[in-house]
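Remarks on the overall topology
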Amino acid sequence: MFYKSTRDSSVKISAAQAIVQGISAEGGLFVPSEIPSITMDEILKLGDMSYSERAAFVFSKYLTDFTEAEIRYCTDNAYSTKNFATENIAEISHLFDGTYVLELWHGPTCAFKDMALQILPYLLTTSVKKIELNKKVVILVATSGDTGKAALEGFADVPGTEIMVFYPQDGVSAMQKRQMTTQDGENVKVCAIKGNFDDCQNGVKAIFTNEEIKQKLDDAGMMFSSANSINWGRLAPQIIYYISSYAELVKDGEINAGDKINIVVPTGNFGNILAAYYAKNMGMPVNKLICASNSNKVLTDFINTGIYDRNRDFITTISPSMDILISSNLERLLYLISGENDAQIREWFGALAQTGRYEVSDDVKAKLKADFVGGFCDDVQTKAVIKEIYDKYSYTLDTHSAVAVKVYQDYKAETGDMTKTLIASTASPYKFSSSVLEAIEGQVPQMDEYDMVDKLNKLSGYAIPASLAELKDKEIRFSESIAKEEQKDYVLKALSL
Ligand SMILES: *Cc1c(COP(=O)(O)O)cnc(C)c1O
């Protein structure tokens, strides 16, 4: 197997190269040359394995240039109780009749991004060695909150790496800021930028593409890389938990081997749901993939009309990790269902860059609808469903997962589809305590973030994640705040260049 680019099908590189490079030179995303298959026998055998073993088995089908020992080194380091609060790593909770919640937030930062960012540093450093670059990898991250912390936790003290995270001084929540500024690790740096998220991101991009800085790094035996969600090394790990869950549901007698299930995913950049599409195409029995959006419903409209149009107001919601108008990973799906038509992808994504809009053909539209259902809900509905599920089932949802539950309820009411369904839950309710408390109690809580956590603990009965509880007494290590013009010098100084 090799990897090609969605904008140039003639590109042919190894998995290790795809992971190191991140994005193809012409701007396309890397995809495997074919989707490997998994048999029902293989899926059933996973039932008796640990999560790390399951992950290694699935990875062996995609990372064909990695040795078994290399893959095990990566999965064992990432998926252990050292990093995750549960031995199952991805926990399944039975919500109500035939409906299961896949809790992807038992990792160190309490959000599903840990599932990929805990392993990416190992995949990346192993890849660098494999292609004999022998360079130290320097990761630069611009963050609006969640990704920065997940990347810091993943890369902290990983040999052969340095990580620097930039966040907007007034653009993250108090808890997110505390999570980042108290980060442990000898190889980490965290810095506030006096500006907004775009300033952070533009600064990082400018540094990435600055030839003079690149040369300086090269001379010193270092290279830049990105922990961005378009890296194949972040997508592949997400395929695993869907297949693992299927094996688990069969093992627990909840479904029979061969039964189809629906999968519902609260979606932003389209990475998580695309991983479920890969699992389906590998051979896991799936009926519908239900793509749930908040009020930024670009994807709902796209699935229903075949027209992608980002020319609309950006709405700030209580599920901020889904406040996205350009879903990058959709490009991979369209490449696959347009018959790997790279010219067509260049045309559509060229139009998206220029006019903010493109429309797919009837054939592609039909293929899209065969697999996907799109739905959305607003903040009022999100809060109502948190309250409803809390009252009825004593289960506390975070705001993102609640969007998925609501969209699924609407789908079920409309279609009468009784297929058993797995709902991806992407964050711990503790991460969004204020909105969750408001939903349950009907009023905005007037207290600081730790009192909110205590209150939510009393209401939900869920253990407070150790990683959030310990923040209160942790020393602030990074309090620097700089102007956006100073970002370049900050990076050079931090690397002693
Ligand atoms: C990133 C994120 C999402 C969106 O996932 P995508 O893969 O970008 O679609 C949903 N929920 C939470 C909590 C997230 O952090």
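Placed above this text is the structure.
Residues numbered from 1 in each chain as written. Predicted model: local features only at pLDDT ≥ 70, side-chain atom pairs only at ≥ 80, totals over all residues. Heavy atoms only, no water.

**What to know about the packing of helix α8 (residues 174-181) against helix α20 (residues 449-460)**
Worth spelling out the cut-off: Axis definition: a line fit to C-alpha positions, over the contact stretch in the case of helices; interaxial angles, taken between N-to-C directions, run 0 to 180 degrees. Think of it this way: any DSSP run of H or I at least four residues long counts as a helix, any run of E at least two long counts as a strand, and we number them from the N terminus. Angles are sorted into four bins: roughly parallel if under 35 degrees, roughly antiparallel if over 145, roughly perpendicular if 65 to 115, and oblique for all others. In this description, contact between two residues means that some pair of their heavy atoms is separated by no more than 4.5 Å. Three classes are used: nonpolar for Ala, Val, Leu, Ile, Met, Phe, Trp, Tyr, Cys and Pro, charged for Asp, Glu, Lys and Arg, and polar for all others, with Gly counted as polar.
At a closest axis distance of 10 Å, the pairing of α8 and α20 adopts a crossing angle of 105°. With respect to α20, the element α8 is oriented roughly perpendicular. Facing Ala174, Met175 and Arg178 of α8, the residues of α20 in contact are Glu449, Tyr450 and Val453. The residue inventory of the contact of α8 with α20, partitioned by class, reads 4 nonpolar, no polar and 2 charged.

**Observations concerning the pattern of salt bridges**
This is how it is decided: By convention in these notes, a salt bridge is any Lys or Arg side-chain nitrogen within 4 Å of a carboxyl oxygen on Asp or Glu. Only protein chains enter the area calculation, which uses a 1.4 Å probe; residues under 20% of their type maximum are buried, those over 50% are exposed, and those in between are partly exposed.
Inspection of every chain in the model, using the stated rule, returns 25 salt bridges. One salt bridge in this structure joins Lys214 and Glu211, with 3.4 Å as the shortest N-O distance. Here Lys214 pairs with Glu211, and both are found in helix α10 (residues 211-219), just 3 residues apart, close to one helical turn. Residue classification places Glu211 among the exposed residues on the basis of a relative accessible area of 54%. Its salt-bridge partner being Asp301, residue Lys297 comes within 3.0 Å of it at the nearest N-O pair. Taken together, the shared-partner salt bridges connect Asp184, Glu470 and Lys474 into one network.

**So, the sheet that holds strand β1 (residues 3-5)**
Test applied: Strands are treated as partners if at least two bridges between them are detected by DSSP.
Taken together, 3 strands build an open sheet; the order of strands is β2-β1-β3 and the sheet is antiparallel. Whereas interior strands pair on both sides, the edge strands pair on one side only; in this sheet they are β2 (8-13) and β3 (30-32). Strand-to-strand, the axes of this sheet are offset by a mean angle of 40°, without reference to chain direction. Bridge analysis of β1 against β2 gives 2 bridges, and the strand direction is antiparallel.

**Some thoughts on the packing of aromatic side chains**
Stated precisely, the cut-off is as follows: Only Phe, Tyr and Trp rings take part, Trp by its six-membered ring, and two of them pair if their centres are within 6.5 Å. Stacked means planes under 30 degrees apart, edge-to-face means over 60, and tilted covers everything else.
The final tally for this structure, using the stated rule, is 20 aromatic pairs. Between the aromatic rings of Tyr51 and Tyr79, the centroid separation amounts to 5.0 Å while the plane-to-plane angle is 80°, which identifies the pairing as edge-to-face. Separated by 28 residues along the polypeptide, Tyr51 in helix α3 (residues 51-62) and Tyr79 in the loop between α4 (68-78) and β4 (91-96) bring together distant segments of the chain. Overall, the relative accessible area of 4% leaves Tyr51 in the buried class. For Tyr79, a relative accessible area of 5% puts it in the buried group. Every member of this aromatic cluster is reached through a ring pair, and the members are Phe302, Tyr308, Trp348, Phe349 and Tyr358.

**Structural notes on the pairing of strand β5 (residues 99-103)**
With 5 of its 5 residues buried, β5 lies for the most part within the structure. Burial along β5 is two-sided: Thr99, Val101 and Glu103 and Tyr100 and Leu102, pointing in opposite directions, are all buried. Examined bridge by bridge, β4 and β5 share 5 bridges and lie antiparallel to one another. When the sheet's bridge partners are listed, Glu91 is paired in β5 with Glu103. Linkage of β4 to β5, two consecutive antiparallel strands, is achieved through a turn of 2 residues, within which Gly98 is found at a positive phi near 70°.

**Examining the site of the ligand**
In plain terms, the rule: We call a residue near a given molecule or strand whenever any one of its heavy atoms falls within 4 Å of it. Polar contacts, as used here, are pairs of N or O atoms within 3.5 Å; protein pairs need one atom able to donate a hydrogen and one able to accept it. Residues neighboring in sequence count only if both atoms are side-chain atoms.
In the neighbourhood of the ligand, 15 residues make up the surrounding shell, with Lys113, Gly268, Asn269, Asn272 and Thr426 lying closest. Phe270 places a main-chain nitrogen or oxygen 3.0 Å from an oxygen atom of the ligand. Gly271 is positioned such that a nitrogen or oxygen atom in its backbone is 3.3 Å from an oxygen atom of the ligand. Here the shell around the ligand is composed, by residue class, of 5 nonpolar, 8 polar and 2 charged.

**As for α3**
Filter applied, for reference: A helix is expected to span 1.5 Å for every residue after the first.
Across its 12 residues, α3 extends 17 Å between first and last C-alpha, which sits within 8% of the 16 Å expected from 1.5 Å per residue. The element α3 is extensively covered by neighbouring structure, given that 9 of its 12 residues are classed as buried. Residues of α3 that are buried: Tyr51, Ser52, Arg54, Ala55, Ala56, Val58, Phe59, Lys61 and Tyr62.

**Digging into the sheet that holds strand β9 (residues 222-225)**
Pairing is parallel in the open sheet, where 5 strands are placed in the order β9-β6-β7-β8-β16. Two strands in the sheet have a free side with no partner beyond their single neighbour: β9 and β16 (481-483). The mean inter-strand angle of the sheet, taken between neighbouring strand axes irrespective of direction, is 30°. The pairing of strand β6 (residues 136-142) with β9 spans 4 bridges and is parallel. Bridge pairing links Val138 to Phe224 in β9. Contacts from α10 reach β6 and β9, with the element oriented near 130° to β9.

**Section: the side chain of Lys113**
The line we're drawing: The convention is simple: Lys and Arg are positive, Asp and Glu are negative, and His and the chain ends are not counted.
Structurally, Lys113 is set in helix α5 (residues 113-117). Buried Lys113, no salt bridge; nearest opposite-charge side chain is Asp146, N-O distance 5.5 Å. In contact with Lys113, not counting residues within four places along its chain, are Thr147, Ala150 and Arg234.

**Side note on the environment of Pro36**
Inspection of the secondary structure assignment puts Pro36 in the loop between β3 and α2 (40-46). Classification of Pro36 by relative accessible area gives buried; the value is 12%. Along the chain, Pro36 and Val58 lie 22 residues apart, while their C-alpha atoms are 9.4 Å from each other. When neighbours within four sequence positions are excluded, Pro36 is seen to be in contact with Met1, Lys61, Tyr62 and Met282.

**Looking at a negative patch on the surface**
Stated precisely, the cut-off is as follows: Patch membership requires over 30% relative accessible area and the absence of a salt bridge. Like charges are linked within 9 Å, and nonpolar side chains (Val, Leu, Ile, Met, Phe, Trp, Tyr) within 5 Å. The accessible surface values rely on the Shrake-Rupley method and a 1.4 Å probe; as for residues, cover is taken only from the protein chains in view. Just so you know, the charge point we use is NZ for Lys, CZ for Arg, CG for Asp and CD for Glu.
On the surface, a cluster of negative charge is contributed by Glu480, Glu485, Glu486 and Asp489. Inspection of the secondary structure puts Glu480 in the loop between α21 (466-469) and β16. A relative accessible area of 43% places Glu480 in the partly exposed class.

**Re the nonpolar core**
For clarity, the cut-off: In plain words, nonpolar cores are sets of buried Ala, Val, Leu, Ile, Met, Phe, Trp, Tyr and Cys residues tied together by side-chain atoms within 4.5 Å.
Ranked by internal contacts, the top residues of the largest apolar core, which has 111 residues, are Leu63, Ile239, Tyr242, Ile243, Met284, Leu334 and Tyr358. At 12 residues, the largest contribution of residues to this core is made by helix α11 (residues 232-251). When residues no more than four places from it in sequence are discounted, the contact partners of Leu334 are Phe302, Ile345, Trp348, Phe349, Tyr358, Val360 and Val364.

Keep in mind these numbers describe shape, not what the thing actually does.
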